[in-house]
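Single-letter residue listing:
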Amino acid sequence: MEKLEHIGIAVKNLDEANALFAKLLGKPHYKIEIVESEGVRTSFFDVGGVKIELLEATKPDSPIAKFIKKKGEGVHHLAFGVSNIEKEVQKAKENGFNPLSEVPKNGADNKIITFLHPKTTNQVLVELCQERG
Ligand code: ZN
């Protein structure tokens, strides 16, 4: 892991949350992006190099919709930037963590990503992300 890349926050209404976080952080989001495969609409804020990723479900059966139904809005995951995601996934497995996918998937913000199951990480959903080359 090289750095805390972003913090993902599940929200019910992205437009309302964008306005709230713009007020809180004193700056607007710099992009909105839909990741259709994950059923999510995202927006990003840059706070001194660490990003805040707001996540809104685009369909009722998406992981974010399920998360909000179960736990409500709030912090959803921590994302750590890595330079070799395949190697990190392998290392995580060797160390007893449980990657949710063996092969990294396309994520928002020009990244390939994989998650580690929160059961193996003190109930914190951990994302590994690598800049798409
Ligand atoms: Zn993320």
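As shown above, the structure is provided for reference.
Residues numbered from 1 in each chain as written. Predicted model: local features only at pLDDT ≥ 70, side-chain atom pairs only at ≥ 80, totals over all residues. Heavy atoms only, no water.

As for the coordination of the zinc ion
Here's step 1: Within the protein, H6 (NE2), E53 (OE), H77 (NE2) and E127 (OE) serve as the donor atoms for the zinc ion, at 2.1 to 2.2 Å.
Here's step 2: Classification of the site at the zinc ion as irregular follows from its 4 donor atoms and the range of 83 to 163° in their angles at the metal.
Here's step 3: Along the chain, the residues that donate to the zinc ion are spaced as H-x46-E-x23-H-x49-E. Of this pair, H6 sits in strand β1 (residues 3-10) while E53 is found in strand β4 (residues 50-57), placing the two residues 47 residues apart along the sequence. You'll find H6 and E53 in the same group, each marked buried. (Donors = N, O, S within 2.8 Å, 3.2 Å for Na, K, Ca; no water. Tetrahedral: all angles 85-135°; square planar, octahedral: opposite > 155°, others 65-115°. Helix = DSSP H or I, 4+ residues; strand = E, 2+ residues; numbered from the N terminus. Buried < 20%, exposed > 50% of the residue type's maximum accessible area, 1.4 Å probe, protein only.)

Quick notes on the pairing of β1
A regular strand places its side chains so that they alternate between the two faces of the sheet.
Here's step 1: Relative to strand β5 (residues 74-81), β1 runs antiparallel, the two being bridged by 7 bridges. Within β5, the residue paired with H6 across the bridge is A79.
Here's step 2: Sheet topology places β1 next to β4; 5 bridges connect them, and they run parallel. Residue pairing across strands places I9 opposite L54, the latter belonging to β4. (Pairing = 2+ DSSP bridges.)

Quick word on the sheet that holds strand β7 (residues 111-116)
Here's step 1: The strand order across the open sheet built from 8 strands is β2-β3-β4-β1-β5-β8-β7-β6, with neighbouring strands paired in mixed fashion. The strands lining the two open edges of the sheet, one partner per strand, are β2 (31-35) and β6 (105-107). Pairwise comparison of adjacent strand axes, ignoring direction, gives a mean angle of 35° for this sheet.
Here's step 2: Taken together, the 5 bridges between β2 and strand β3 (residues 40-47) define a ladder with antiparallel strand orientation. Within β3, the residue paired with I34 across the bridge is R41.
Here's step 3: Across the sheet, helix α1 (residues 14-25) touches β1, β2, β3 and β4, and the angle it forms with β3 is around 5°. (Axes fitted to C-alpha atoms, helices over the stretch in contact; angles between N-to-C directions. Contact = heavy atoms within 4.5 Å.)

Keep in mind these values describe shape, not function.
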